[in-house]
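What the coordinates show
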Amino acid sequence: MKKNTLSFLQQCRLLTGLVWSPARTLSEIRLTTPYLCPLLLFSLAGVIVACINNSMILSFTQRTLSLSLDESQVDQTLHFIGRLQLFGVILSPAFLLMKWAIVAGLIYLAAQLMTSNMTYRQSFSLVAFTSIFQVLESCMILTILRLKRTENLNSPLDFQPPVGLNIFFDVTSLSWNTLLNDFNPFAIWYMVILILGVATLSQCSRLKAALVVVPVWLFLVCIQVAVVAISTGNQSY
């Protein structure tokens, strides 16, 4: 196995190649297992997206709280929320790294049931690079929210514009909307490239790779929906 000797620019080319020429790119990832470029770029992208989202959330919160609290109470609450948001933004690269480590670990462990040819580092590198599709999804959602304008965001459901199956269903539950929204073109694209990646890195069939990736992806979707359901009490809006 080669060590990671690719320059930052070469890793950037791999990122774009994953979109336009995934087979060739995945073969290169199998040999070099880089991750620095996606870590730096996606950490920066996550910080930018979080800052823009946080400003919209603060504006929405201010309008909501002003209906029931006086000005001083609203200011105190917004100050507290703002500090929490800043703390989250600062730690977002660490959260991203932890997320990749967990997802890569799940894929690696599942792959061991099918084949032992893939290393954990290969799994981590694959997860890091395929995150480009999740970043593209976040950018698209952010663009939709900006086009809607902050003053038109009147409920938590408005912060989750339909980009998946929820386009075809009129749902008022945030948890159900989250579930349907997870089945969108970018998520499917992400899962397909993960399957191709596991097949390439493990030198196994795509069917075996799908049996590794799909259960892991569905498990992560269920965790996300469960967190939303618990945090919102499955409220309707």
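Summarised in this report is the structure supplied together with it.

What counts and how
Residues numbered from 1 in each chain as written. Predicted model: local features only at pLDDT ≥ 70, side-chain atom pairs only at ≥ 80, totals over all residues. Heavy atoms only, no water. Disulfide = S-S within 2.5 Å. Buried < 20%, exposed > 50% of the residue type's maximum accessible area, 1.4 Å probe, protein only. Phe/Tyr/Trp six-rings, centres within 6.5 Å; stacked < 30°, edge-to-face > 60°. Axes fitted to C-alpha atoms, helices over the stretch in contact; angles between N-to-C directions. Helix = DSSP H or I, 4+ residues; strand = E, 2+ residues; numbered from the N terminus. Parallel < 35°, antiparallel > 145°, perpendicular 65-115°, else oblique. Contact = heavy atoms within 4.5 Å. Nonpolar A, V, L, I, M, F, W, Y, C, P; charged D, E, K, R; others polar. Core = buried A, V, L, I, M, F, W, Y, C linked by side-chain atoms within 4.5 Å. Left-handed = near helix turned anticlockwise from the far one by under 90°.

A short note on the state of the cysteines
Across all of its chains, the model carries 0 disulfides by this definition. The closest cysteine sulfur to the non-disulfide-bonded cysteine 51 is located on cysteine 139, 14 Å from its own sulfur. Residue classification places cysteine 51 among the partly exposed residues on the basis of a relative accessible area of 39%.

A few points about the packing of aromatic side chains
Under the criterion given, the structure shown has 9 aromatic pairs. Each residue in the set Tyr35, Phe42, Trp100, Tyr108, Tyr120 and Phe124 is aromatic and connected to the rest through ring pairs, giving one cluster.

Examining the packing of helix 5 (residues 120–130) against helix 6 (residues 132–148)
At a minimum axis separation of 4 Å, helix 5 and helix 6 run at an interaxial angle of 25°. In this view, helix 5 runs roughly parallel relative to helix 6, as classed from their interaxial angle. In this structure, helix 5 contributes Ala128, Phe129 and Thr130 to the contact, and helix 6 contributes Ile132, Phe133 and Gln134. Looking at the contact of helix 5 with helix 6, its residues break down into 4 nonpolar, 2 polar and no charged.

Overview of the nonpolar core
The biggest cluster of nonpolar side chains holds 43 residues, and the ones touching the most others in it are Leu18, Phe42, Trp100, Ile107, Ile132, Phe133 and Val198. If you list the elements that add at least two residues to this core, you get helix 1 (8–20), helix 2 (22–32), helix 3 (36–65), helix 4 (71–112), helix 5, helix 6, helix 8 (185–202) and helix 9 (206–232). Residue contributions to this core peak at 10 residues, all from helix 8. If we skip the residues at most four places from it in the chain, leucine 18 touches Thr25, Leu26, Phe129, Thr130, Ile132, Phe133 and Ile193. In terms of nonpolar packing, the next biggest core, distinct from the first, is built from 9 residues, Phe60, Leu145, Leu153 and Phe159 among them.

Some details on the packing of helix 2 against helix 5
Geometry of a packed helix pair, given as the angle between the helix axes and the separation of the axes. Running from N to C, helix 2 and helix 5 point in directions that differ by 140°, and their axes come no closer than 9 Å. Classified by the angle between their axes, helix 2 and helix 5 sit oblique to one another. The element helix 2 and its partner helix 5 pack so that their crossing is right-handed. Note on element contacts: helix 5 touches helix 2 through Arg121, Gln122, Ser125, Leu126 and Phe129, opposite Leu26, Ile29, Arg30 and Thr32. For the contact of helix 2 with helix 5, the per-class residue count stands at 4 nonpolar, 3 polar and 2 charged.

A short note on the environment of methionine 140
Looking at where methionine 140 falls in the secondary structure, it is placed in helix 6. Each C-alpha atom of the pair methionine 140 and leucine 165 lies 16 Å from the other, and the pair is 25 residues apart in sequence. With sequence-adjacent residues up to four places away left out, methionine 140 is seen in contact with Val163 and Phe186.

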